[in-house]
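Spelled out from the first residue to the last, the chains are:
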Amino acid sequence: MYKHLITTTENGILTITINRPDKLNALNRETIEELGSAVRHAAETDNVRVVILTGAGEKAFVAGADISEFAGFDRAQGETLARGGQEIFLAVEQCVKPVIAAINGFALGGGCELAMACHIRIASETARFGQPEVKLGLIPGYGGTQRMAWLSGKGKAMEWLMTADMIDAKEAWRTGLVNHVVPAGELMEKSMELAGKIAKQAPLAVAGVIRAVNAAFEPGTDGYATEVAEFGKCCATADFREGTAAFLEKRKPAFSGS
Ligand code: COA
């Protein structure tokens, strides 16, 4: 179905593997567009509860946007490229199904930005992060300047973006860039375990969490008002009746996603 992605679904968990290992999974135009389609499709597919995003091979998650495609761009082309990438990564961030990045190696440039657009990040001990754009005479264009500051703080973002330093998995964890670090051989197992835990919860409530937390980072949006609205929406769902009834009846809930 996709040229540069491999997709598999198991127990409501969709795994999307970016598959250009000979180019360290660099995001050329076709790949990033396919990724946008796959995430939008997942958001609309009932039997997908959680998405795991990873890279093919042992070396890279994604080593960035494909430099060979934009070398020589002028100002207008640069703006179009950045706007297009931002839209796709925003679709990842706003996906109503949780997206977990399973970071198996280099997450550089657009790869680090993609990981940061995901809701949760799990890194293997061998993962390396960084925004090396200044080495190319650029800055990140797919949301990296914003999301790195949100996740690791303004000071770290300024330093990493200006030095182009590579960040190892331990430092990424220490500074809040990733949620967990695990041995390379346990990356998918840990990601599946976390995805499985979330997949058991009420899907509409999980979507409400995503919208409410995202609201805290949307300029001009009142996050508390979003929380009130999402809480109210949950109270109107069958799964709220089921969840509370199951608790009171001392049984496990059977959520329908309605
Ligand atoms: N865009 C296009 N091609 C890329 C790429 C990118 N962002 N990152 C890696 N590749 C390609 C290389 O050109 C090479 O292709 P080739 O075999 O046809 O020459 C292949 O992937 C393997 O990469 P290579 O550089 O040989 O591996 P390495 O182990 O020596 O170095 C990196 C690994 C990640 C340090 C190095 O590839 C790198 O610095 N990549 C660019 C990272 C970057 O600047 N990203 C931000 C872009 S905005």
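Computed from a prediction, not measured in an experiment: that's the story for all the values here.

### Some points on the site of the ligand
Here is step 1 of the chain: Within the structure, the ligand sits among 15 residues, and Lys23, Lys59, Ala63, Ala65 and Ile67 are positioned closest to it.
Here is step 2 of the chain: The separation between an oxygen atom of the ligand and a polar side-chain atom of Lys59 is 2.5 Å.
Here is step 3 of the chain: Within the contact set of the ligand, a nitrogen atom lies 3.0 Å away from a backbone nitrogen or oxygen of Ala65.
Here is step 4 of the chain: Summarising the interface, the protein chains cover 59% of the accessible area of the ligand, which totals 860 Å² for the free molecule.
Here is step 5 of the chain: Of all elements in the fold, only α2 (67-70) and β6 (106-108) reach the threshold of two or more residues within the shell around the ligand.
Here is step 6 of the chain: When the residues that make up the shell around the ligand are grouped by side-chain class, the tally is 10 nonpolar, 1 polar and 4 charged.

### As for the packing of aromatic side chains
Here the distance between the centres and the angle between the planes together describe a pair of aromatic rings.
Here is step 1 of the chain: Counted according to the given criterion, the structure contains 2 aromatic pairs.
Here is step 2 of the chain: Pairing Phe89 with Tyr142 gives two aromatic rings, centres 5.3 Å apart and planes at 80 degrees, and the pair type is edge-to-face. Taken together, the residues span a long stretch of sequence, with Phe89 in helix α3 (residues 75-93) and Tyr142 in the loop between β8 (128-130) and α5 (144-152) at a distance of 53 residues. The same class applies to Phe89 as to Tyr142, namely buried.
Here is step 3 of the chain: The interplanar angle of 45 degrees and the centroid separation of 5.0 Å between the aromatic rings of Trp150 and Phe217 together place this pair among those described as tilted. With Trp150 in helix α5 and Phe217 in the loop between α9 (203-215) and α10 (223-235), this pair connects stretches of sequence that are 67 residues apart.
Here is step 4 of the chain: When its relative accessible area of 38% is taken as the criterion, Trp150 is described as partly exposed.
Here is step 5 of the chain: A residue is classified by how much of its surface remains accessible, and Phe217, at 37% relative accessible area, is partly exposed.

### Points about the state of the cysteines
Here is step 1 of the chain: Summed over the entire model, instances satisfying the criterion amount to 0 disulfides.
Here is step 2 of the chain: For Cys95, which is in no disulfide, the shortest distance to another cysteine sulfur is to Cys118 and amounts to 9.6 Å.

### Side note on the environment of Trp173
Here is step 1 of the chain: Looking at where Trp173 falls in the secondary structure, it is placed in helix α7 (residues 169-174).
Here is step 2 of the chain: With 73 residues separating them in the primary sequence, Trp173 and Ile100 have C-alpha atoms 15 Å apart.
Here is step 3 of the chain: The residues touching Trp173, leaving out its near neighbours within four places in the chain, are Val178, Asn179, His180 and Val181.
Here is step 4 of the chain: From its side chain, Trp173 meets the backbone oxygen of Asn179 in a polar contact 3.5 Å long.

### With respect to the pattern of salt bridges
Should their charged atoms come close, side chains of opposite charge can pair.
Here is step 1 of the chain: In total, this model carries 13 salt bridges according to the counting rule given.
Here is step 2 of the chain: When the shortest N-O distance is used, the salt bridge between Glu79 and Arg75 registers 4.0 Å. Here Glu79 pairs with Arg75, and both are found in helix α3, just 4 residues apart, close to one helical turn.
Here is step 3 of the chain: Accessibility expressed as a relative area gives 41% for Glu79, which makes it partly exposed.
Here is step 4 of the chain: The exposure class assigned to Arg75 is exposed, which follows from its relative accessible area of 71%.
Here is step 5 of the chain: Members of the salt-bridge network, linked through shared partners, are Lys156, Glu159, Glu171 and Arg174.

### Some points on the side chain of Thr15
Here is step 1 of the chain: The residue Thr15 is located in strand β2 (residues 13-18) in this model.
Here is step 2 of the chain: Ignoring anything within four residues of it in the chain, the contact list for Thr15 reads Ile6, Thr7, Thr8, Ile52, Thr54, Met188 and Met192.

### Brief notes about unusual backbone geometry
Here is step 1 of the chain: Residue Asn11 is not a glycine yet carries a positive backbone phi of 50 degrees.
Here is step 2 of the chain: By secondary structure assignment, the location of Asn11 is in the loop between β1 (5-10) and β2.
Here is step 3 of the chain: On the basis of relative accessibility, which here comes to 70%, the residue Asn11 falls in the exposed class.
Here is step 4 of the chain: Backbone geometry at Asn25 places phi at a positive 60 degrees, although glycine is not the residue there.
Here is step 5 of the chain: With respect to the helices, strands and loops of the structure, Asn25 is situated in the loop between β2 and α1 (29-44).
Here is step 6 of the chain: Look at Asn25 and you get buried, because its relative accessible area is 0%.

Each value, and the rule that gives it
- Residues numbered from 1 in each chain as written.
- Predicted model: local features only at pLDDT ≥ 70, side-chain atom pairs only at ≥ 80, totals over all residues.
- Heavy atoms only, no water.
- Near = heavy atom within 4 Å.
- Polar contact = N/O pair within 3.5 Å; in protein donor to acceptor, adjacent residues only side chain to side chain.
- Areas by Shrake-Rupley, 256 points an atom, 1.4 Å probe, with all protein chains shown as cover.
- Helix = DSSP H or I, 4+ residues; strand = E, 2+ residues; numbered from the N terminus.
- Nonpolar A, V, L, I, M, F, W, Y, C, P; charged D, E, K, R; others polar.
- Phe/Tyr/Trp six-rings, centres within 6.5 Å; stacked < 30°, edge-to-face > 60°.
- Buried < 20%, exposed > 50% of the residue type's maximum accessible area, 1.4 Å probe, protein only.
- Disulfide = S-S within 2.5 Å.
- Contact = heavy atoms within 4.5 Å.
- Salt bridge = Lys/Arg side-chain N within 4 Å of Asp/Glu carboxyl O.

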